[in-house]
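Descriptive structure summary
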Amino acid sequence: MSGQTALDQSGDPAGRPPTDWRGEAMRRRIARRYSAERRFRWLGFAAVFLSASFLAFLLVSMMANGFRGFTQTEVAVPIDFPRSPVLIDPAALQTNPEQTLANANLPAVLDQASRAAFGVEETRLLSPDAVLALRKAIIADPGILAGQTTLRLPASAGIDLAVKSDGSEADEALASQLDENGALSSRFNASFLIGSDGTDPTVVGIWGALKGSLLTMVITLALSFPIGVFSALYLEEYAPRNRWTDLIEVSINNLAAVPSIIFGLLGLAIFLNVMHLPRSAPLVGGMTLALMTMPVIVIAGRNAIKAVPPSIRDAALGIGSSPVQVVFHHVLPLALPGILTGTIIGMARALGETAPLLMIGMRAFISQPPGGFTDPATVLPVQIFLWSDEVGRGFIEKTSAAIIVLLAFLLTMNSIAIYLRNKFEKKW
Amino acid sequence: MTGVMIALIIVALGAIGWIIARARATRLQAEVGRLATNSRPTQHGWYVALWTTLPALVFLAVWANVTPALVLDSVMATPPAQSLPSDDFSRNAILGEARAIASGRQTVAFNPQAMELVEPFRAAMTRYSTTGAILAAILAFACGAYALSRVRPSFTARSRVERVVMWTLLLASLIAIITTAGIVASLVFESMRFFAQVNPLDFLFGLKWSPQSAALGYGNEDAFGAVPLFWGTIFIGAIIAMIVAIPLGLMSAIYLTQYASSTTRKWMKPILEVLAGVPTVVYGYFAALTIAPALRNFAASVGIPGASSESALAAGLVMGIMIIPFVSSMADDSIAAVPQSMRDGSLAMGATTSETIRKVLIPAALPGVVGGVLLAVSRAIGETMIVVMAAGLAANLTLNPFASVTTVTTQMVQLLTGDQEFDSAKTLAAFALGLVLFIVTLLLNIVALRVVKKYREAYE
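Just so we're clear, the structure is a prediction, and the values are computed from it rather than from any experiment.

Some points on the overall build of chain A
- Helix and strand content of chain A: 19 helices and three strands.
- In summary, chain A has a C-alpha radius of gyration of 33 Å against a globular reference of 22 Å for 428 residues, an excess of more than 25%.
- If one aligns the C-alpha atoms of chain A with their principal axes, the spans along those axes are about 115 × 75 × 40 Å.
- With 428 residues in all, chain A has 43% of them scored as buried.

Here it is in structure tokens:
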């Protein structure tokens with residue numbers, strides 16, 4: 001019916017007055033449309049702004065917590081060795097210092113010193129690492145055993161937390177007492193970068209997890225890169241159009257969309273239960289992640305290969321190259337920057353992946369860095385997950401610090417990928 | 001590790017073969033002239049290198065797989081093995097321990113009998129690995145010499161090497177099929193074992209999920225009803241996350257493609273992409289540490305009952321943020337695919353930019369956007385770490401977003417990370433959940449890709 005009236009009006013131009021653009025009604029209408037336009041535009045800007053501020057909020061809150069994880073509070077403890085219960089044979093200290101000091105009753109020395117100076121037991125004041133620090137100090141200068149000395153030793157988790165943010169009331173009181181005596185100081189926590197998992201937040205480090213991640217990534221890259229590049233070359237350059245090729249393509253596209261946890265189930269069922277490879281090992285983790293990364297590399301590789309213009313292939317064929325020479329001498333070098341970009345992005349995803357590795361048992365408590373590909377290991381994201389489950393409040397800053405390290409790695413990899421893409425991307 | 005050493009030696013032999021063959025072919029080429037030779041010297045080199053390494057490496061791989069059984073046979077023939085207990089379980093335990101000590105993976109034996117077997121094991125292992133190394137070396141030399149003897153000007157090294165290359169490429173691309181088959185086989189096989197113990201209908205339509213009670217021996221009835229899990233997954237991944245991700249992602253894409261200056265676009269696009277690059281464990285930690293407590297306090301202050309510190313809303317919100325760049329890039333692609341003529345036509349009729357977007361571009365791009373959203377849903381329901389860390393473990397059937405719900409992926413992690421026997425219904429249930437997840441994501445992807453493809457064709 002409305003169509004009918006519209007037709008009538010347009011069919012009879014003389015019967016319809018010309019639009020009065022300056023009229024009140026029309027001006028209002030245009031103003032309304034323009035304000036709708038501004039509203040819409042503003043909404044779009046708000047969406048972008050909101051998304052970006054989520055990212056900023058996430059990063060800032062991680063940084064705020066995490067940077068504290070890189071420092072360690074220290075307490076200056078005066079120790080009077082001649083009056084302490086230390087048991088050291090000076091001769092044995094020369095020949096076998098480690099063994100001698102391990103038997104030297106050093107915890108009792110620290111306990112006595114702590115009680116004498118601050119009136120609290122050693123475990124409340126100092127980190128479990130303090131004994132190690134004391135040992136090192138004695139090895140470095142055995143002369144201190146003869147007299148009285150003041151050593152800066154790592155503080156306990158409670159004191160550390162009280163100094164940095166807010167600890168329990170007792171710890172806060174102790175910390176302010178220490179602060180008044182000028183006994184507190186802070187230094188860069190190097191042991192966080194060289195240590196492994198532990199039970200006390202002041203002694204944990206990420207090197208063990210980082211090394212596990214690196215070993216896992218070596219396996220992932222060694223498997224997924226050649227397989228991915230070869231499949232991409234085959235599918236793009238040689239594969240005949242038939243049912244098998246279709247099946248391969250469908251499999252690759254589906255694998256790229258399969259949830260990562262399913263790859264973990266595959267690793268558990270095939271690599272661990274059928275092939276009996278070692279549990280929790282970087283080898284199995286790397287193999288599982290390689291299967292997950294391969295489709296990413298194949299898809300990126302195919303796009304890069306597709307972008308190489310056919311004229312280059314024709315020219316090479318024309319001067320007598322074989323199909324294999326065309327691909328390996330001409331197409332592959334030209335497509336390599338694109339393939340590398342895709343590989344780095346895939347590897348960055350694999351480095352941040354947690355779920356499949358939980359399935360194959362890489363969540364064990366590992367207090368030593370793995371020595372090889374078949375040793376039990378954990379990786380950085382899993383370490384973050386494990387620490388986030390810890391009840392000790394000191395672990396919050398350690399978790400955030402580990403996240404900063406992980407993000408630094410990922411952002412570096414992604415920046416390299418973007419740089420490569422911008423530098424080598426050719427428009428033919 | 002000796003196996004790796006031998007493999008490296010063989011590869012080194014291959015490299016030497018490559019150099020010798022190339023030198024010989026270069027000399028021959030100099031004698032007879034370039035046009036009289038079939039292949040380039042390098043290709044002769046590769047031919048010899050392949051012959052030297054491939055048969056020997058294949059032999060080593062086979063050898064490594066058959067020797068454990070041979071070693072076991074020869075150990076069982078020694079006198080100390082005669083006194084082993086007859087039941088399989090304890091005998092295998094002792095043998096395994098002895099083998100671990102002999103190969104240096106372990107230093108002390110729990111079982112004294114194992115110590116007696118260490119020496120026979122060590123002797124047999126040394127014997128077989130030495131034999132294998134010698135045989136592999138002989139094979140490498142023999143095959144290399146054979147290949148080297150064929151280096152002649154008329155020899156077709158090039159086509160032979162290229163045939164090997166083609167086979168390698170084909171094999172590499174078959175790995176994708178093998179992986180898919182492996183996933184399907186392992187999921188289906190373990191799920192069958194699960195469904196032998198639990199009725200599939202009870203699993204798919206049961207309303208009560210309490211695998212702990214099944215593990216404690218209360219029976220499998222009523223313990224594996226997965227509907228609360230399916231609901232939790234849909235509630236978090238397909239409802240809450242999409243309520244966040246669709247408007248933000250779509251509007252971001254519209255703003256960045258239609259309104260923003262090229263400088264803004266250049267800076268904002270990578271920033272949004274960073275959101276997609278943040279690992280999920282970081283999102284999970286953020287959700288659990290920052291968002292969830294804030295939401296619980298908010299819910300408690302306005303008096304919403306059942307507020308939990310592990311809420312569906314916290315997990316869903318953060319998951320939505322994670323999905324934003326995904327939705328945004330899919331919407332970006334489909335808007336860009338709408339022909340310029342349609343946009344020009346609308347603008348020429350006097351429509352404002354926003355009217356063009358809302359009335360022309362979005363309806364035209366809708367199939368592509370819908371396909372993108374389906375892909376986003378499939379990614380959201382397969383997402384694990386955010387829900388493991390922020391969504392909780394209580395299998396509730398609730399509409400309250402502040403309450404705790406659990407999801408398929410959370411339960412899979414939960415079922416498989418405890419100290420459980422692998423055969424129990426509890427661990428097998430994880431595979432059944434995995435199968436459901438796999439099928440659902442697969443269907444979503446197929447439908448989404450079909451929608452997107454149909455729509456692309458409409459404009460080409």
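Now, onward.
Describing the nonpolar core
- Membership of the largest hydrophobic core comes to 211 residues, with the highest contact counts inside it found for Ala287, Ala315, Val318 and Ala390 of chain B.
- The element best represented in this core is helix α8 (residues 227–259) of chain B, accounting for 17 residues.
- Once residues within four sequence positions are removed from consideration, Ala315 of chain B is found in contact with Ile236, Ala287, Ile386, Val387, Ala390 and Ala391 of chain B.
- The next biggest cluster of nonpolar side chains, apart from the first, holds 26 residues, and it includes Val77, Ile79, Leu110 and Leu153 of chain A.

Describing the domain arrangement of chain A
Residues and elements named next belong to chain A.
- If you check the domain split of chain A, you get domain 1 (67–188) and domain 2 (207–424).
- One C-alpha centre belongs to domain 1, the other to domain 2, and the line joining them spans 45 Å.
- With six residues of domain 1 at the interface, the matching set in domain 2 holds seven residues.
- By residue number, the principal contributor to the side of domain 1 that touches domain 2 is helix α8 (residues 157–164), which donates three residues.
- A breakdown of the residues in the side of domain 1 that touches domain 2 according to their chemical character gives three nonpolar, one polar and two charged.

As for the packing of helix α12 (residues 243–257) of chain A against helix α14 (residues 282–307) of chain A
Residue and element names in this part refer to chain A.
- α14 packs onto α12 with a crossing angle of 120 degrees between their chain directions and a minimal axis gap of 8 Å. Classed by the angle they form, the pair α12 and α14 counts as oblique. For the crossing formed where α12 meets α14, the hand is left-handed. Residues Ile252, Leu255 and Ala256 of α12 form the contact with α14, whose participating residues are Pro295, Val296, Val298 and Ile299.
- Classifying every residue of the contact of α12 with α14 gives seven nonpolar, no polar and no charged.

A look at the sheet that holds strand β2 (residues 148–154) of chain A
Residues and elements named next belong to chain A.
- If you trace the three strands from one edge of the open sheet to the other, you get β2-β1-β3, paired in antiparallel fashion. Looking at strand neighbours, the two that pair on one side only are β2 and β3 (184–188), the edges of this open sheet. Neighbour-to-neighbour, the strand axes of this sheet turn through a mean angle of 35 degrees, independent of strand direction.
- Against the sheet, α8 engages β1 (71–80) and β3, with an angle of about 125 degrees to β1.

A few points about helix α7 (residues 130–140) of chain A
Residue and element names in this part refer to chain A.
- Within the span of α7, buried status applies to Ala130, Leu134 and Ile138. The buried residues of α7 occupy an angular sector of 75 degrees when the element is viewed end-on, so they sit on one face. Along α7, the residues that are exposed and aim more than 90 degrees away from the buried face are Lys136 and Ala140.
- Buried positions along α7 lie against α4 (97–102), α5 (106–118) and β2.

Examining unusual backbone geometry
Residues and elements named next belong to chain A.
- With phi around 55 degrees, His276 is a residue other than glycine that occupies positive phi space.
- Note on placement: His276 falls in the loop between α13 (260–272) and α14.
- Overall, His276 belongs to the exposed group, with 8 C-beta atoms counted inside 10 Å.
- Of note in the backbone geometry, Ser280 takes a positive phi value of approximately 60 degrees without being a glycine.
- Here Ser280 is to be found in the loop between α13 and α14.
- Judged by the 22 C-beta atoms lying within 10 Å of it, Ser280 is buried.

Quick word on the packing of helix α10 (residues 280–302) of chain B against helix α11 (residues 312–336) of chain B
Residues and elements named next belong to chain B.
- Relative orientation of the contacting elements α10 and α11 amounts to 135 degrees, with a least axis distance of 9 Å. On the basis of their axis angle, the class for α10 and α11 is oblique. The two elements α10 and α11 meet at a crossing, and its hand is right-handed. Taking contact as the criterion, the partners of Thr280, Tyr283, Phe286, Ala287, Ile291, Ala292 and Leu295 in α10 are, on α11, Leu313, Ala314, Ala315, Leu317, Val318 and Met322.
- In terms of residue class, the contact of α10 with α11 is built from 12 nonpolar, one polar and no charged.

Side note on the pairing of β1 of chain A
All names here are of chain A.
- Where β1 meets β3, five bridges bridge the pair, whose relative direction is antiparallel. Residue pairing in the sheet places Thr73 in a bridge with Ser186 of β3.
- Bridge count for β1 against β2 is seven bridges, and the pairing is antiparallel. Across the sheet, residue Pro78 finds its bridge partner in β2, namely Thr150.

Calculation rules
- Residues numbered from 1 in each chain as written.
- Chains lettered and ligands numbered in written order.
- Predicted model: local features only at pLDDT ≥ 70, side-chain atom pairs only at ≥ 80, totals over all residues.
- Helix = DSSP H or I, 4+ residues; strand = E, 2+ residues; numbered from the N terminus.
- Rg over C-alpha atoms; globule rule 2.2 N^0.38 Å.
- Buried ≥ 20, exposed ≤ 12 C-beta atoms within 10 Å, placed from the backbone.
- Core = buried A, V, L, I, M, F, W, Y, C linked by C-beta atoms within 7 Å.
- Contact = placed C-beta atoms within 7 Å.
- Domains from an automatic or database assignment.
- Nonpolar A, V, L, I, M, F, W, Y, C, P; charged D, E, K, R; others polar.
- Axes fitted to C-alpha atoms, helices over the stretch in contact; angles between N-to-C directions.
- Parallel < 35°, antiparallel > 145°, perpendicular 65-115°, else oblique.
- Left-handed = near helix turned anticlockwise from the far one by under 90°.
- Pairing = 2+ DSSP bridges.
- Arc of directions from axis to C-beta.

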